[in-house]
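The chain contents come next:
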Amino acid sequence: MKAFVKSGSPVTFKTDALVVGVFEGKTLGITGVAIDRALAGFVRKSATSKGFEGKKGQALALDTLGRIPAQKVFFIGLGAKNEATEESIRRAAAIGAKAVRNAGLKNFATTLATAKVSGVSAKNLAQAVVEGATLALYRFEQLKTKKKKKKIAHITLLTQNTSEVSTLKGGANKGLILAEAASFARDLINLPGNFATPSYLADEAKKFAKRLGVTCKILGPAQIAKLKMGGLLAVAQGSKEPARFIILEWKKGPKSQKPIVLVGKGLTFDTGGISIKPSANMEEMKSDMSGGAAVLGAMRAVAALKLKVNLVCLIPSTENMPSSAAIKPGDVATGLSGVTMEIINTDAEGRLILADALAYADRYKPDAIVDLATLTGACMIALGTVASGLFCNDETLTKQIIAAGEETGERFWSMPLFPEHEELIKSLVADIKNIGPRWGGASTAAAFLKKHVKKGPWAHCDIAGTAYTNKAAGYRTEGGVGLGVRSMVRFIEKRTGV
Ligand code: BES
Ligand code: ZN
Ligand code: ZN
């Protein structure tokens, strides 16, 4: 998809369709009034007869019958003006884009980026519009022999204010980069486990790294063993697919600036191992590399945006399989940190592989470490699918991640990690064990990770409930969400001040 910015009037602009935002209330807004006039009062009449009041989620589709160049106009309700946010504009763009595509039209122009939302810059609004539209139109068709015909080739952000064009262009371009990075993450998540193996993830990382000037190192089984990454090795020993440890480095920030290290769980398929999972919905466990996909997407966006920051991404990647070579309940592995780990349940494998990545992060003397992982069903039980669990040892870092999530429409909710949780994972035979009692499973998982973090601010984001969805909503399509890509980039911007 392409995104353009043009100055012009919606009434005369040549396009297949127009998407126009309308705040809740009695007026149609300047654009709505202009279109209404061009259509001889048809807009107002239709709005009244169809009960369109500009409420959030409402839409009104009108045929223009040749009175203006656009064939159709879609009015999208934005809700109360004083409650509007970047996110409500993103969602409005999604509704508009989907309506245009459903109508079989090939492109549209929209005035949504000029909506004037208090506290949000015009650039950020333009970004939100392009993100919302692009992500809503995402489809995973790699494995379909027949692709869907209805397709939107480009969108145009329209403004009547010529001096605003270059600002909006900056935002639109950024929105496209972020949406493409999140779509890349979605593709990796949606791709089944027989395609998306650890080596596939590594190859995809290598590909974009080369294109964008990111340093990429891939460690294979021999190097992983040499480094003594005992957690990753233990999980990988049951699979014929060789493990990978993916390292990406982007050092375009000041030399004096310590890097932010992002860690992502890259479990390409989680059967549970010997502690095997029930069959129902097990296919969804192809999404257990969503944290890794998010981190790859974030790096891809940071590099494409040429952000002047220092960023390192670490992705431990393997399958979790049952086999005669697989780890058994009761086995003990030693992580890179030196901590010995009793594996009570082979299905609590994410923490084993993350342990090594978190320990590896220490060699960068990081400013902060943030990990993203589809770690526990317990977090899903706690927060459902609307927020990711955030476990963090630093108040500033907590605030930055929550704020970044709020702005990007990816909610994070602060969860507790008490000393009592750390007590619960003490092992009889090793330093720690990989599961605690039944209750509080998200916190004991976080406590396990904490044991491998040497020092400094660290945040763990449990995205088990948010990374994958069975129901499309707004700009979220069914399947991989690409969650974390946009919020992590926003977080990096906030933290470094770029
Ligand atoms: N990958 C799963 C967690 C998960 C569950 C992700 C549902 C997405 C949706 C993880 O490896 C796992 O199996 N966790 C276990 C831990 C338990 C054995 C302590 C869980 O949450 O059931
Ligand atoms: Zn598991
Ligand atoms: Zn898992």
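Right above here is the structure, for reference.
The present account deals with the structure reproduced in this document. (Residues numbered from 1 in each chain as written. Chains lettered and ligands numbered in written order. Predicted model: local features only at pLDDT ≥ 70, side-chain atom pairs only at ≥ 80, totals over all residues. Heavy atoms only, no water.)

Helix length check: helix α15 (residues 485-496), at twelve residues, gives a terminal C-alpha distance of 17 Å against a target of 16 Å (1.5 Å per residue), a fit within 8%. Looking at α15, one finds that the buried residues are V485, R486, S487, M488, V489, R490, F491, I492, E493, R495 and T496. Two residues or fewer past α15, G497 is found with a positive phi of approximately 75°. (Helix = DSSP H or I, 4+ residues; strand = E, 2+ residues; numbered from the N terminus. Expected span 1.5 Å × (residues − 1). Buried < 20%, exposed > 50% of the residue type's maximum accessible area, 1.4 Å probe, protein only.)

Distances from the zinc ion (ligand 3) to its protein donors, K265 (NZ), D270 (OD), D288 (OD) and E349 (OE), fall at 2.0 to 2.4 Å. What the six donor atoms of the zinc ion (ligand 3) show is an angle range of 77 to 175° at the metal, which sorts the shape as octahedral. (Donors = N, O, S within 2.8 Å, 3.2 Å for Na, K, Ca; no water. Tetrahedral: all angles 85-135°; square planar, octahedral: opposite > 155°, others 65-115°.)

To continue, consider the coordination of the zinc ion (ligand 2). Under ideal tetrahedral coordination, the four donors around a metal are separated by 109.5 degrees; under ideal octahedral coordination, the six donors are separated by 90 or 180 degrees. Protein coordination of the zinc ion (ligand 2) is provided by D270 (OD), D347 (O), D347 (OD) and E349 (OE), with donor distances spanning 2.0 to 2.2 Å. One way to put it: the six donor atoms around the zinc ion (ligand 2) meet at angles of 70 to 166°, and that makes the site irregular. In primary sequence terms, the donor set of the zinc ion (ligand 2) follows D-x76-D-x1-E. The zinc ion (ligand 3) is placed at 3.2 Å from the zinc ion (ligand 2), the two being bridged by D270. One end of the pair, D270, is in strand β10 (residues 266-270); the other, E349, is in the loop between β13 (340-343) and α10 (350-361), with 79 residues separating them in the sequence. The buried category is assigned to D270, whose relative accessible area is 3%.

What helix α2 (residues 42-50) keeps buried is the set V43, S46 and A47. All buried residues of α2 project into a common sector of 100° when viewed along the axis, lining one side. The exposed residues of α2 that point more than 90 degrees off its buried face are K45, T48 and S49. Summarising the contacts, the buried residues of α2 are in contact with α1 (29-38), β3 (59-63) and β4 (72-77). Of the residues one or two after α2, G51 is the one with positive phi, at around 70°. (Arc of directions from axis to C-beta. Contact = heavy atoms within 4.5 Å.)

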